[in-house]
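Architecture and fold: a report
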Amino acid sequence: MSKHDDHFFNVFSAVLGILVAITIGLFIFAKMFGGGMTEAHVEADPLLQRDVAERIKPFGQVAVAGADNSALAVAPPPGAAAAATTAALPANGEETYKAVCSVCHTPGIAGAPKTGDKAAWSARIAQGMDTLHKHAIEGYTGQAGVMPAKGGRADLPDDLVMQAVDYMVEQAR
């Protein structure tokens, strides 16, 4: 090794040693003055504790037969309250038909008899209104098609469903 290389190696080693010493000094300084305070602050922060508890809470709860399950209240999913208020109940059979039944009975989806189609409705009307009401309320699967219970709108009261059926039968006569 030449004298210049030896000099460069010594200066480079000294600079590297000084930088490592400064880094270790800054780490010790930060640990002494900031480390303990940060840990105590995190453990004492009630908002952070609430957020952590919310994130790690169980997804669901199990109701055990014979046990007191009163604390297991069924809560609607977020946004369900807003959706329930926007889907107000229709006032009568015609409005129920327009809001719910027309989705399938206007185009004839899933074998639904089209509104006003006398040929398609005649066999169903011959079964009697009680049968039509029952199939509309409880749902029905037959060779001609599928009728979901209450037209897929479980919140409809039975009397509105029956009024809608009566409205569609009137249109087919």
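Anything mentioned here points back to the structure above.
All of the points below concern the structure found in this document. (Residues numbered from 1 in each chain as written. Predicted model: local features only at pLDDT ≥ 70, side-chain atom pairs only at ≥ 80, totals over all residues. Heavy atoms only, no water.)

1. Topic: a nonpolar patch on the surface
Filter applied, for reference: To count toward a patch, a residue needs a relative accessible area above 30% and no salt bridge. Like charges then connect within 9 Å, nonpolar side chains (Val, Leu, Ile, Met, Phe, Trp, Tyr) within 5 Å. Each accessible area is a Shrake-Rupley result for a 1.4 Å probe, and residues are judged covered by the shown protein chains and nothing else. Any carboxyl oxygen of Asp or Glu within 4 Å of a side-chain nitrogen of Lys or Arg constitutes a salt bridge here. Numbered from the N terminus, helices here are DSSP runs of H or I no shorter than four residues, and strands are runs of E no shorter than two.
Among the surface-exposed residues, F8, F12, L16, V20, I24, F27, I28, F29, M32 and F33 lie close enough to one another that they form a single nonpolar patch of about 1100 Å² accessible area. Within the secondary structure layout, M32 lies in helix α1 (residues 3-44).

2. Here's the deal with the nonpolar core
For the record, the criterion: Note on terminology: a nonpolar core comprises buried Ala, Val, Leu, Ile, Met, Phe, Trp, Tyr and Cys residues joined through side-chain atoms within 4.5 Å. Exposure is judged per residue with a 1.4 Å probe applied to protein chains only, and the accessible area is read against the type maximum: over 50% gives exposed, under 20% gives buried, and values in between give partly exposed.
With 17 residues, the main nonpolar core has W121, I125, L132 and V169 as its most contacted residues. Elements with a contribution of two residues or more to this core: α4 (93-105), α5 (118-126), α6 (129-138) and α7 (158-172). Tallying contributions element by element places α7 first for this core, with eight residues.

3. Details of the pattern of salt bridges
Per the counting criterion, the structure on display carries five salt bridges. For K150, the salt bridge identified is with D158, shortest N-O distance 3.0 Å. The partner of R153 in a salt bridge is D155, and the shortest N-O contact between them spans 2.7 Å.

4. Here's the deal with the packing of α6 against α7
Short version of the rule: In this analysis an axis means a line fitted to C-alpha atoms, helices contributing only their contacting stretch, and an angle means the value between N-to-C directions, from 0 to 180 degrees. Note on angle classes: values under 35 degrees are labelled roughly parallel, values over 145 roughly antiparallel, values of 65 to 115 roughly perpendicular, and the remainder oblique. Should the near helix be turned anticlockwise from the far one by less than a right angle, the crossing is termed left-handed; should it be turned clockwise, right-handed. Contact between two residues is taken to exist if any of their heavy atoms lie within 4.5 Å; hydrogens are not considered. Three classes are used, and their members are as follows: Ala, Val, Leu, Ile, Met, Phe, Trp, Tyr, Cys and Pro are nonpolar, Asp, Glu, Lys and Arg are charged, and the others, Gly among them, are polar.
Put simply, α6 and α7 touch, their axes get as near as 9 Å, and they point 125° apart. Classed by the angle they form, the pair α6 and α7 counts as oblique. Between α6 and α7 lies a crossing of right-handed hand. Judged by residue contacts, M129, L132, H133, A136 and I137 of α6 engage D158, V161, M162, V165, D166 and V169 from α7. Residues belonging to the contact of α6 with α7 are distributed by class as follows: eight nonpolar, one polar and two charged.

5. Structural notes on the packing of α5 against α7
Viewed as axis vectors pointing N to C, α5 and α7 meet at an angle of 125°, and their least axial separation amounts to 9 Å. Judged by the angle between their axes, α5 and α7 are oblique. Both α5 and α7 take part in a crossing whose hand is left-handed. Contact residues: α5 offers K118, W121 and I125, while α7 offers M168, V169 and A172. For the contact of α5 with α7, the per-class residue count stands at five nonpolar, no polar and one charged.

Nothing here speaks to function; it is all geometry.
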